[in-house]
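For reference, the chains in residue letters:
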Amino acid sequence: LLVPVELELPYSCGNEVNLIHEVGSIEVIDYREGGTYVMGRVPRSLAMKLDKYSVGNIEGAEANGETEDEIDWAALGKGRHAKKEASY
């Protein structure tokens, strides 16, 4: 089970970035002044080890990979999806 992470790893942590590539998935990678910014998913054990480099707080629906704009198709099929107002 992979969990979402948002990290800024110092450039001296190249091994950790490599490990994320090997055992997880990277959605966004950016090379910033302070280090390598990574947003992606990693095993929970690795996420806990890298927690000190966390720059984002991904919780709730976003942690489950859902955003406000996404449709919960299973809930929709069961008639439990909230109707959203169209914004034009």
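Presented here is an overview of the structure given in this document. (Residues numbered from 1 in each chain as written. Predicted model: local features only at pLDDT ≥ 70, side-chain atom pairs only at ≥ 80, totals over all residues. Heavy atoms only, no water.)

1. Section: the packing of aromatic side chains
Phase 1: Considering all chains together, one arrives at 0 aromatic pairs under this definition.
Phase 2: Geometry around Tyr 37 places Arg 32 over its ring, the cationic atom sitting 3.9 Å from the centre. (Phe/Tyr/Trp six-rings, centres within 6.5 Å; stacked < 30°, edge-to-face > 60°. Lys NZ or Arg CZ within 6 Å of the ring centre and 35° of its normal.)

2. Some points on the pattern of salt bridges
Phase 1: Enumeration over the complete set of coordinates arrives at 2 salt bridges.
Phase 2: A salt bridge links Glu 27 to Arg 41; the shortest N-O distance between them is 3.8 Å. Of this pair, Glu 27 sits in strand β2 (residues 25-32) while Arg 41 sits in strand β3 (residues 35-43), and the two are 14 residues apart along the sequence.
Phase 3: Looking at Glu 27, the relative accessible area reads 53%, which means it is exposed. (Salt bridge = Lys/Arg side-chain N within 4 Å of Asp/Glu carboxyl O. Helix = DSSP H or I, 4+ residues; strand = E, 2+ residues; numbered from the N terminus. Buried < 20%, exposed > 50% of the residue type's maximum accessible area, 1.4 Å probe, protein only.)

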